[in-house]
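Chain by chain, the residues:
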Amino acid sequence: MKTVSLSDLIAKYDIPVPRYTSYPTVPYWTDFPTTNEWLNSVSKSLSKQDAKISIYIHIPFCETLCSFCGCNTSITKNHSVEEPYITYLLKEFHSYLQAVPEISKRQVDEIHLGGGSPTYLSESNLDYLLDNLFKELNISPNASLSVEVDPRRTRKTQLDVMRKYGFNRISLGVQDFDEEVQRIVNRIQPFEKTKETTENAHELGYKSVNFDLIYGLPKQNMDTMKKTVEKTILLYPDRIAFYSYAHVPWIKAAQRLFTEEDLPTGETKRTLYEYARNEFEKVGYKEIGMDHFAHENDGLWKALLNKTIHRNFMGYTEFRTDLLLGLGVSAISDSWECFHQNEKILKKYQKRINELGFATLRGHKLNEEDLEFRKLILELVTTLEVTIPKEHEEIKNYLQEMEKDNLIIWNENHLQVTEIGRAFLRNICMGLDLRMRRKLPEAKVFSQAI
Ligand SMILES: C[S@@+](CC[C@H](N)C(=O)[O-])C[C@H]1O[C@@H](n2cnc3c(N)ncnc32)[C@H](O)[C@@H]1O
Ligand code: SF4
């Protein structure tokens with residue numbers, strides 16, 4: 001087996017590739033469902049008595065815009081937007097309950113409040129929203145209830161409200177601890193703020209704390225990364241999502257606010273990741289799939305060992321449910337056989353909810369082949385191995401070059417990603433992405449592999 005240097009591999013494979021949070025990936029959603037078709041699919045997913053539900057609630061608001069941000073946000077300091085938005089969210093929720101009564105009967109195993117910034121909402125509005133959701137749902141006593149928070153704007157009293165409803169997981173947006181990096185991405189977040197939110201969460205009894213970090217931000221270098229890793233380890237979160245910065249300025253114009261020359265790319269960017277990974281592993285973290293770390297005693301690591309681990313639009317989770325129901329502007333839902341996304345523009349979302357009770361923008365009805373490859377890709381991005389059915393031998397041909405470069409090893413039809421191959425997991429997935437292989441995108445849509 002020839003040995004190829006990391007820089008040569010990066011020169012060859014650092015191309016635009018999907019992130020595989022779904023299969024088919026969003027640009028390949030072609031077979032859009034109507035709202036009725038979507039509701040039938042929701043109903044079907046909950047037909048069994050023991051079907052399980054996850055709920056995702058999107059709160060789009062943030063007071064200021066971080067220039068790197070790729071999320072669906074609505075930037076305003078005017079908090080009068082909170083109440084009308086909650087009214088629309090609850091209207092959408094009640095429309096679902098009316099159309100598919102099983103939603104209130106089946107067990108809810110997971111609720112995630114995401115954004116934007118859920119703690120943009122005041123204590124009383126959080127309380128009102130959760131009260132109205134929780135009284136209609138059958139929430140498992142062991143449910144995973146999680147929230148994403150921006151430590152710059154999160155009060156202990158808000159965490160207390162959510163704790164009262166049983167919220168037990170919290171994810172803090174940290175991104176980077178270096179002041180210069182923070183300044184350039186318009187996100188000044190003193191270490192003390194992150195420390196305070198982490199301590200508040202522990203004091204209130206949240207059992208799991210996650211930090212979101214990003215590598216590849218402007219002005220990041222080995223010195224800044226050392227600082228970020230050191231401070232992260234000092235606060236010792238249970239999990240770390242260590243995202244590769246997705247640079248998509250043709251979609252997110254604010255990413256043009258810094259100069260591209262300041263971005264670490266290719267080998268420089270990957271070296272930052274590998275440095276941090278080694279440091280995290282030294283203090284007991286385990287690498288999970290792409291860009292995630294968890295303690296050895298954390299449920300996510302156990303889920304990987306037990307092969308129950310799942311990956312969805314929010315990242316890695318410990319288990320899969322029969323339905324992921326997304327509420328709010330831009331929220332994505334998944335009934336396994338069908339994806340569904342709400343209107344991405346706030347005004348349009350509100351108008352559609354007002355008129356129809358639902359806000360379908362697009363989605364995809366998966367055919368037999370999509371379902372088969374969805375399962376295979378999911379297995380690959382979670383466990384880094386997968387057995388390819390014999391009738392799809394041509395996948396081996398497509399991945400031949402990666403085998404030669406020692407990114408993967410075949411044992412008959414069983415594909416195993418190597419240590420070196422981990423960095424190119426998204427490229428390897430492309431071998432199983434029949435839709436993309438048949439038709440490459442005509443315009444720029446995906447961020448770089450590294
Ligand atoms: C909805 S935000 C997090 C919550 C909260 N708004 C905050 O920033 O603290 C989810 C996460 O997505 C990640 N993210 C946002 N834009 C990104 C990008 N362009 N590339 C990679 N990760 C990104 C950040 O790590 C961020 O914490
Ligand atoms: S990173 Fe978080 S706080 Fe910053 S703009 Fe994006 S969603 Fe808002």
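Residues numbered from 1 in each chain as written. Chains lettered and ligands numbered in written order. Predicted model: local features only at pLDDT ≥ 70, side-chain atom pairs only at ≥ 80, totals over all residues.

Let us look at the overall build of the protein chain. Scanning the protein chain from terminus to terminus reveals 17 helices and 19 strands. Its C-alpha radius of gyration of 21 Å places the protein chain within 12% of the 22 Å reference for a compact globule of 450 residues. By principal-axis analysis of the C-alpha atoms, the protein chain measures approximately 60 × 50 × 40 Å. Across the 450 residues of the protein chain, 46% fall into the buried class. (Helix = DSSP H or I, 4+ residues; strand = E, 2+ residues; numbered from the N terminus. Rg over C-alpha atoms; globule rule 2.2 N^0.38 Å. Buried ≥ 20, exposed ≤ 12 C-beta atoms within 10 Å, placed from the backbone.)

It is worth spelling out the site of ligand 2 at this point. If you check the shell around ligand 2, you find Cys62, Leu65, Cys66, Cys69, Cys71, Thr73, Gly115, Gly116, Ser117, Asp150 and Gly173 and nothing else. Among the residues making up the shell around ligand 2, the classes are represented as 5 nonpolar, 5 polar and 1 charged. (Near = placed C-beta within 6 Å. Nonpolar A, V, L, I, M, F, W, Y, C, P; charged D, E, K, R; others polar.)

With that out of the way, let us pick up the site of ligand 1. In the region of ligand 1, 18 residues are neighbours, and Gly70, Asp150, Gly173, Asp212 and Tyr243 sit closest. Those elements that place two or more of their residues in the shell around ligand 1 are strand S4 (107-115), strand S6 (169-175) and strand S7 (208-215). Looking at side-chain class alone, the shell around ligand 1 contains 8 nonpolar, 7 polar and 3 charged residues.

Another aspect to go through is the pairing of strand S5 (residues 138-149). Where S4 and S5 come together, 6 bridges link them in parallel fashion. By the bridge assignment, Glu110 is partnered in S5 with Ser144. Across 4 bridges, the pairing between S5 and S6 is parallel. Looking at the pairing, Ser146 lines up with Arg169 of S6. (Pairing = 2+ DSSP bridges.)

What follows is about helix H12 (residues 346-356). Those residues of H12 not exposed but buried are Leu346, Tyr349 and Ile353. One side of H12 holds all its buried residues, which, seen down the axis, span an arc of 60 degrees. Facing away from the buried side of H12, by more than 90 degrees, are the exposed residues Lys347, Asn354, Glu355 and Leu356. Taken together, the buried residues of H12 touch strand S3 (74-75), helix H3 (82-99) and strand S15 (338-342). The first or second residue beyond H12 is Gly357, which carries a positive phi of 85 degrees. (Arc of directions from axis to C-beta. Contact = placed C-beta atoms within 7 Å.)

The assigned domain composition of the protein chain is domain 1 (1-28 + 368-450) and domain 2 (29-365). Of note, the centres of domain 1 and domain 2, computed from C-alpha atoms alone, are 26 Å apart. Every element with two or more residues in the side of domain 1 that touches domain 2 is listed here: helix H1 (6-13) and helix H13 (368-383). At 5 residues, H13 tops the list of elements feeding residues into the side of domain 1 that touches domain 2. The residue makeup of the side of domain 1 that touches domain 2, split by class, is 11 nonpolar, 6 polar and 2 charged. (Domains from an automatic or database assignment.)

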